[in-house]
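Here is how the chains run, residue by residue.
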Amino acid sequence: MAQVQTGKKVFVADRRELSAGLGKKVVVDGKELALFLQEDGGVHAIENSCPHKGGPLSEGIVSGDHVYCPLHDWKISTKTGEAGGADEGCVECFEVEIKDEQVFVFLKG
Ligand code: FES
């Protein structure tokens, strides 16, 4: 299915700097994002602030396409930004494009 990418396209990282299982914090336009390299080579980008109390999700423990917040262990999907289990909340997630190992995100607004 084709994805429609809207917003401002911004370079955020070289994919070779990323490691599967480890988040990476980047700052673009004053906004902190957390990048997560997937086993299939794709990259997920979400806001680097847990919906609970703002924990840095880039420092959490990664399991597949989820990350556990380092502060109180909420499980957040790196794909949809949604909190799992009994927890409710959602962080912003961003469309990603990868071209020649260069990772770009589309910032909304
Ligand atoms: S701040 Fe993330 S679980 Fe509390």
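Worth saying up front: this structure is predicted, and the values here are computed from it rather than measured.

What counts and how
- Residues numbered from 1 in each chain as written.
- Predicted model: local features only at pLDDT ≥ 70, side-chain atom pairs only at ≥ 80, totals over all residues.
- Helix = DSSP H or I, 4+ residues; strand = E, 2+ residues; numbered from the N terminus.
- Rg over C-alpha atoms; globule rule 2.2 N^0.38 Å.
- Buried ≥ 20, exposed ≤ 12 C-beta atoms within 10 Å, placed from the backbone.
- Contact = placed C-beta atoms within 7 Å.
- Pairing = 2+ DSSP bridges.
- Axes fitted to C-alpha atoms, helices over the stretch in contact; angles between N-to-C directions.
- Core = buried A, V, L, I, M, F, W, Y, C linked by C-beta atoms within 7 Å.

Draft legend 1. Geometry of the overall build of the protein chain. Of regular secondary structure, the protein chain possesses zero helices and nine strands. Scanning the protein chain from its N terminus toward the C terminus, one meets helices and strands in the order β-β-β-β-β-β-β-β-β. In terms of overall size, the protein chain behaves like a compact globule, its C-alpha atoms giving a radius of gyration of 13 Å where 109 residues would be expected to give roughly 13 Å. Across its three principal axes, the protein chain shows a C-alpha extent of roughly 35 × 30 × 30 Å. Sorting the 109 residues of the protein chain into buried and exposed places 31% on the buried side. At a minimum sequence separation of 6, the contacts of the protein chain that also span at least 24 residues come to 43%.

Draft legend 2. The sheet that holds strand 9 (residues 102-107), seen in detail. What the six strands build is an open sheet, ordered 1-9-8-4-3-2; its pairing is antiparallel. Edge positions in the open sheet fall to strand 1 (8-14) and strand 2 (23-28), since each of these has one partner strand only. Recorded for the sheet is a direction-independent mean angle of 30° between the axes of neighbouring strands. Bridging between strand 2 and strand 3 (residues 31-37) involves six bridges; their strand directions are antiparallel. Looking across to strand 3, one finds that Val-26 is bridged to Leu-33.

Draft legend 3. The sheet that holds strand 7 (residues 75-77), seen in detail. An order of 5-6-7 is seen for the three strands of this open sheet, with the pairing classed as antiparallel. Of all strands in the sheet, those with a lone pairing partner are strand 5 (61-63) and strand 7, marking the two edges. Ignoring strand direction, the axes of neighbouring strands in this sheet form an average angle of 30°. Pairing between strand 6 (residues 66-68) and strand 7: three bridges, direction antiparallel.

Draft legend 4. Representation of unusual backbone geometry within the structure. For Asp-100, which is not a glycine, the phi torsion comes out positive at approximately 50°. Judged by C-beta crowding, with 6 C-beta atoms within 10 Å, Asp-100 ranks as exposed.

Draft legend 5. Seen up close, the nonpolar core. Counting 25 residues, the largest nonpolar core has Leu-33, Leu-35, Ala-45 and Ile-76 as its most contacted members. Elements represented by at least two residues in this core include exactly strand 1, strand 3, strand 4 (43-47), strand 8 (93-99) and strand 9. With five residues, the top contributor of residues to this core is strand 3.

Draft legend 6. The arrangement of the pairing of strand 3 in detail. Most of strand 3 is tucked away, with five of its seven residues classed as buried. Connecting the antiparallel pair strand 2 and strand 3 is a turn made up of two residues, with Asp-29 showing a positive phi of about 50°. One ladder, built from five bridges, connects strand 3 with strand 4; its direction is antiparallel. Considered in strand 4, the bridge of Ala-34 is made with Ile-46. Two successive antiparallel strands, strand 3 and strand 4, enclose a turn made up of five residues, where Gly-41 displays a positive phi of approximately 95°.

Draft legend 7. Structural view of the environment of Gln-38. Following the sequence through the fold, Gln-38 ends up in the loop between strand 3 and strand 4. Gln-38 gets classed as partly exposed once you count the C-beta atoms within 10 Å, which come to 16. Distance from Gln-38 to Asp-65, taken between C-alpha atoms, is 7.2 Å for residues 27 residues apart in sequence.

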